Amino acid sequence: MSDSDVDLFVIGGGSGGVRAARVAAQHGARVMLAEEYRVGGTCVIRGCVPKKLLVYASRFRAEFEDAAGYGWTLSHSSFDWPTLIANKDREIARLEAAYTATLQKAGVAIVKSRAVLADPHTVQLADGKKVRAAHILIATGGAPSYGDPIPGREHAISSNEAFHLPALPQHVVVQGGGYIAVEFAGIFAGLGAQVTLVYRGENILRGFDDDVRQHLRMDMEKHGVRVLTGCKVAAIEQAGSHFSAHLSSGNRLSADRVMFATGRRPNIADMGLEAAGVTIGKNGGVAVDEYSRSSVPNVYAVGDVTNRVNLTPVAIREGAAFADTVFGGKPTAVDHTNVPTAVFSDPEIGVVGLTEAQARARLAQTDIYKAMFKPLKATLSGRDTTVLLKLVVDGSSDRVVGCHIVGEGAAEMAQLAAIAVQMGATKADFDATMALHPTTAEELVTMRQKSASYARAAAE
Ligand SMILES: Cc1cc2nc3c(=O)[nH]c(=O)nc-3n(C[C@H](O)[C@H](O)[C@H](O)COP(=O)(O)OP(=O)(O)OC[C@H]3O[C@@H](n4cnc5c(N)ncnc54)[C@H](O)[C@@H]3O)c2cc1C
């Protein structure tokens, strides 16, 4: 350790890297962090935060429409995309400065440069300078992946560019079926664009509970988003300022923007990892153990670059656990079960725990409770929408092992339900909890009838 310039070199100033660097420095380590783009990483600069701001913007349209049923007359409303983007950029710059200040206050040296491994104890910066480190943390995150090459692929944007478009497109084709695809479909549609979502699979949001997938699709279509499944964009052609997306089904869609949200890949390319002996796992990310240690004993990796659960709070938890393990004398493994997840689509989704299909595959007996109804707010507004709440219960132990919600406030509800699920609450505990009326969430503690199928609930 004595021949090292620093105790820890962190590559990547995103959610995982920033937290790891700060906590390690607070444990007394000499820490240097390299960031090649902007401190804050994907979440702050071009992920969760700017996305949620755009989601908020997109929801005003429905609020204005709903207000009429409550007696309001709004004389005129109009939307200005450049104002939204400028205000969003100002907030992101403020957050970037706050992250930088927090690191500096903790004593972390920040280097604005790309960094790669020269060997297991040496990091090389873009200007050729080398830094010797006792420990190295790879926290380089992920980047959009565009799938198989197709003619005209260069005309498609990813979420990175979507945050900086000069104008709101009027016709948008979004390819992808994951959370980023459905969120951007909702953003563009809410702001006034005609949106077609194209997904090669049989239904959107693979990996989510089937009822949730079906419910979201139904509501998205009700709200005007065209959803085409079982096909993909096979070619993109430019015609002046417009594009033609040729689909594998033979259809052709005209759009002023084509966005690909077809997954993300870990940032491992040209990092010197393999030469340093760092093994890449089958999932395409840096292979690590439960303490985020790679195949090289002094090299660790956290966050999206490990491709475990690619969410900000997980990256943050892994970063802190790494620092506590290596510099705090407190070995800490991260539990990746019961991670709550939200999709800020229209309508919103909040989930925690097992899907019905996962529970049926793992448990001897699975009980399902669900409610589907028109929310109170939609009665006077007349909005054509329904809420879905679903509990997945282990029939043998009575434990609630999954909670799935679609509707306004779903993400906030799921965060609180996650505490109960994480604590091992039973269905009897839910039933013993007094309802809070009138809310949507009260249905979580008042469902008494086991449910058979989605089709039946939908018909009721
Ligand atoms: C559009 C979008 C929306 C999202 N929404 C949500 C959400 O609502 N909720 C949620 O929990 N998660 C969301 N995520 C995921 C979340 O952003 C990531 O899980 C999280 O940022 C991962 O943190 P990280 O530290 O692993 O990597 P990142 O935050 O990606 O940080 C990695 C950093 O490393 C830098 N870097 C890469 N290579 C090098 C190098 N060689 N040298 C120096 N620097 C380097 C990058 O510039 C980057 O700043 C979203 C992601 C996207 C793209």
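For the structure, check the block above.
Rules of the game
Residues numbered from 1 in each chain as written. Predicted model: local features only at pLDDT ≥ 70, side-chain atom pairs only at ≥ 80, totals over all residues. Heavy atoms only, no water. Salt bridge = Lys/Arg side-chain N within 4 Å of Asp/Glu carboxyl O. Helix = DSSP H or I, 4+ residues; strand = E, 2+ residues; numbered from the N terminus. Buried < 20%, exposed > 50% of the residue type's maximum accessible area, 1.4 Å probe, protein only. Axes fitted to C-alpha atoms, helices over the stretch in contact; angles between N-to-C directions. Parallel < 35°, antiparallel > 145°, perpendicular 65-115°, else oblique. Left-handed = near helix turned anticlockwise from the far one by under 90°. Contact = heavy atoms within 4.5 Å. Near = heavy atom within 4 Å. Polar contact = N/O pair within 3.5 Å; in protein donor to acceptor, adjacent residues only side chain to side chain. Areas by Shrake-Rupley, 256 points an atom, 1.4 Å probe, with all protein chains shown as cover. Pairing = 2+ DSSP bridges. Expected span 1.5 Å × (residues − 1). Patch = residues over 30% accessible without salt bridge, like charges linked within 9 Å, V, L, I, M, F, W, Y side chains within 5 Å.

Student: Mind showing me how you'd approach the pattern of salt bridges here?
Tutor: A complete count under the given rule lists 27 salt bridges for this structure. Notably, a salt bridge pairs D209 with K390, separated by 2.8 Å at the nearest N-O pair. With D209 in the loop between β9 (194–199) and α7 (210–222) and K390 in strand β20 (residues 387–394), this pair connects stretches of sequence that are 181 residues apart. When its relative accessible area of 1% is taken as the criterion, D209 is described as buried. The shortest N-O distance in the salt bridge between R217 and E221 comes to 3.4 Å. Of this pair, R217 and E221 are both found in helix α7, 4 residues apart, which corresponds to roughly one turn of the helix. Look at R217 and you get buried, because its relative accessible area is 18%. Several salt bridges share partner residues, and in doing so they unite D209, D211, E356, R360, K370 and K390 into one network.

Student: Would you mind going over unusual backbone geometry with me for this structure?
Tutor: Across the chain, the bulk of peptide bonds are trans and the bulk of non-glycine residues have phi less than zero. Cis geometry marks the peptide bond from D346 to P347; its omega dihedral reads 5 degrees. You can see P347 is positioned in the loop between β17 (341–343) and β18 (349–353). Here the bond from H437 into P438 is cis, since omega is -10 degrees, no more than 30 degrees from zero. Tracing the backbone shows P438 in the loop between α12 (427–432) and α13 (454–459). In this model, S292 sits at a positive phi of 65 degrees, which is unusual for a non-glycine residue. Among the secondary structure elements, S292 is positioned in the loop between β15 (264–266) and β16 (299–301). Classification of S292 as buried rests on a relative accessible area of 3%.

Student: Looking at this structure, how should I read the packing of helix α1 (residues 15–26) against helix α8 (residues 312–327)?
Tutor: Helix packing for two helices is described by the angle between their axes and how far apart those axes are. Taken N-terminus to C-terminus, the directions of α1 and α8 make an angle of 30 degrees; their axes are 7 Å apart at the nearest point. Judged by the angle between their axes, α1 and α8 are roughly parallel. Our pair here, α1 against α8, has a crossing hand that is right-handed. Contacts between α1 and α8 involve S15, G16, R19, A20, V23 and A24 on the former and, on the latter, T312, A315, I316, G319, A320, F322, A323, D324 and F327.

Student: Would you explain the site of the ligand in this entry?
Tutor: Lining the immediate environment of the ligand, one finds 38 residues, of which G16, E35, T42, K51 and D304 sit closest. Between the ligand and the protein, one listed contact pairs an oxygen atom with a backbone N or O atom of C43 at 3.4 Å. Relative to its unbound accessible surface of 1,000 Å², the ligand loses 95% to contact with the protein. Of all elements in the fold, only α1, α2 (41–46), α3 (48–67), α6 (179–191) and α8 reach the threshold of two or more residues within the shell around the ligand. Element by element, the count of residues in the shell around the ligand is highest for α2, at 4 residues.

Student: How should I be thinking about the pairing of strand β21 (residues 400–406) in this particular structure?
Tutor: Every other side chain in a regular strand lies on the same face of the sheet, so the side chains alternate between the two faces. In terms of burial, β21 is a largely internal element, 7 of the 7 residues being buried. The loop that links β20 with its antiparallel partner β21 comprises 5 residues; one of these, D398, has a positive phi angle of about 70 degrees.

Student: Looking at this structure, how should I read the sheet that holds β21?
Tutor: Note: strands within a sheet are paired through backbone hydrogen bonds, in either parallel or antiparallel orientation. Taken in spatial order, the 5 strands line up as β17-β18-β21-β20-β19 in an open sheet, and their pairing is antiparallel. The open sheet has two edge strands with one neighbour each: β17 and β19 (366–373). Here the strands of the sheet are splayed against their neighbours by 10 degrees on average, with no regard to which way each runs. The pairing of β19 with β20 spans 8 bridges and is classified as antiparallel. Among the inter-strand pairings, A371 is bridged to a residue of β20, identified as L389. Here helix α11 (residues 410–423) sits on the sheet in contact with β17, β18 and β21, set at roughly 10 degrees to β18.

Student: I would appreciate a short explanation of α1 in the present structure.
Tutor: For an α-helix the count is 3.6 residues per turn, leaving residues at separations of three or four pointing the same way. Taking 1.5 Å as the rise per residue, α1 with 12 residues should run 16 Å; its terminal C-alpha atoms sit 17 Å apart, in good agreement. A large share of α1 lies buried, amounting to 9 of its 12 residues. Within α1, the full set of buried residues consists of S15, G16, G17, V18, A20, A21, V23, A24 and A25. Buried residues belonging to α1 abut β1 (6–11), β2 (31–34), α2, α4 (81–106), β6 (130–138) and α8. Phi turns positive one or two residues past the end of α1, at G28, with a value near 100 degrees.

Student: Sorry, what's going on with a nonpolar patch on the surface here?
Tutor: On the surface, Y56, F60, F64, Y70, W72, L74 and L380 cluster together into a nonpolar patch covering about 790 Å² of accessible area. With 3 residues, the top contributor of residues to the nonpolar patch is α3. Structurally, L74 can be placed in the loop between α3 and α4.

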